[in-house]
Amino acid sequence: MIRFILAKLARAFLTILLVVTFAFVVLRLSGDPAQVLLGPDAPQDAVDAFRARWGLDDPLWQQYLAYLRQILSFDFGVSMRDQSPAIDLVLQRIPATLALTVPALILKLAIGIPAGVYAALHRQSVADRGVIMMSIFGFTIPSFVLGLVLVLVFAVRLDWLPSGGQDSWRHAILPIATLSIGGIGILARFSRSAMIEVLGQPYIRTAMAKGLPWREVVWRHALPNAAVPIVTLIGFMLGALIAGAVVVESIFSWPGIGRLIVVSVANRDLAVVQCLLLVIAASMVVANLLVDFSYGLLDPRLRAKPAH
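As the structure is a prediction and not an experimental result, all values here were calculated from the model.

Asks: Explain the packing of aromatic side chains to me, using residue names and the numbers behind them.
Replies: A full pass over the atoms with the stated rule returns 3 aromatic pairs. Ring geometry for F154 versus W160: centroids 6.1 Å apart, planes at 45°, classification tilted. A relative accessible area of 53% means that W160 is categorised as exposed.

As structure tokens, this is what we get:
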């Protein structure tokens, strides 16, 4: 078990290092922050002073080593635009993003998994066909299209809900619905497929042949074995929630980290973008670590397999 945990932690550290390196290189190659923040008509002396102030005139490898030293000392840099610590700007936006992503994830789990399990236990029924149609809808429609449709229907046509902002709980309904509807359908379809596959296994037929009640067969034998692939999908969904927040927060003018990413990238605010990507990568790595550890709890055989 210790080797299992150490191997996962080593992979997590390597993943974060690769994300940090990729973000650093791509941001430096994507444009000059001095030209964006000072404007194309800024005098050359001002541009040179700006680059010297932020270390942009150093060789790329020196900038990279300096950035790594900053991270190791928990210094995430200062915003070129606001002159504020980058980590403070990010931490200010996290609660707003969590106010959307956490309810959206809860809705996905609370509706998607039971719907998929119910459909698997009632194959070829009206409920089963409804789950299949819902999953197709959720899988095919992009989040930005869904968000615009919800705004058009419930904010413009019916005037039931506000189209954007963060003034009350009513402002969060449409963004949360946009983040959760697609995932509910996907999770329901995946849960249905996982349950159908497990229900066809020989040990399920053996349990039924022993005369065990159907409810006990489902809860004690089918669901725990179907949970492993479902947990894998949930791990991917955690990352998709962060990516979806970038689009949804832009559509609904929600002041979270997704909107901060868009603004910071447009302004080439390197420290803020790097800090955001580091926080997002760390959160996704932690989520995947929790998924990996849950594998060991759900199926002890996985702990015995050597990590490659």
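Read on for the rest.
Asks: Tell me about the nonpolar core, and please be specific about residues and values.
Replies: In terms of nonpolar packing, the biggest core is built from 19 residues, with V272 and L276 touching the most fellow members. Contributions of two or more residues to this core are made by α1 (2–29), α4 (60–72), α5 (86–121), α11 (257–266) and α12 (270–298). With 6 residues, α12 is the single largest residue contributor to this core. If we skip the residues at most four places from it in the chain, L276 touches V90, I257, L260, I261 and S264. Core analysis: the second largest hydrophobic core is formed by 18 residues, L105, L150, A155 and A177 among them.

Asks: Please set out the pattern of salt bridges residue by residue, giving values where relevant.
Replies: For the structure on display, the rule yields 1 salt bridge. As a salt-bridge pair, R192 and D128 come within 2.5 Å of each other at their nearest N and O atoms. Here R192, found in helix α8 (residues 173–199), pairs with D128, found in helix α6 (residues 126–140); they are 64 residues apart in sequence, far enough to count as distant. There is no split in this pair, since R192 and D128 are both buried.

Asks: For the environment of V47, give the residues involved together with the corresponding values.
Replies: With respect to the secondary-structure elements, V47 resides in helix α3 (residues 44–53). Distance in space between the C-alpha atoms of V47 and D32 is 9.9 Å, their sequence separation being 15 residues. The contact partners of V47, leaving out residues within four places of it in the chain, are A34, Q35, L38 and A42.

Asks: A description of the environment of M133 should follow, citing residues and the corresponding values.
Replies: Of note, M133 is situated in helix α6. With a relative accessible area of 60%, M133 lands in the exposed category. Along the chain, M133 and R189 lie 56 residues apart, while their C-alpha atoms are 9.3 Å from each other.

Asks: Can you explain unusual backbone geometry? Please cite residues and give values.
Replies: A positive phi angle is found at F74, which is not glycine, with a value near 60°. Position of F74 among the secondary structure elements: in the loop between α4 and α5. Even without glycine at this site, Q83 takes up a positive phi of about 60°. Counting through the fold element by element, Q83 comes out in the loop between α4 and α5.

Quick notes on the rules
Residues numbered from 1 in each chain as written. Predicted model: local features only at pLDDT ≥ 70, side-chain atom pairs only at ≥ 80, totals over all residues. Heavy atoms only, no water. Phe/Tyr/Trp six-rings, centres within 6.5 Å; stacked < 30°, edge-to-face > 60°. Buried < 20%, exposed > 50% of the residue type's maximum accessible area, 1.4 Å probe, protein only. Core = buried A, V, L, I, M, F, W, Y, C linked by side-chain atoms within 4.5 Å. Helix = DSSP H or I, 4+ residues; strand = E, 2+ residues; numbered from the N terminus. Contact = heavy atoms within 4.5 Å. Salt bridge = Lys/Arg side-chain N within 4 Å of Asp/Glu carboxyl O.

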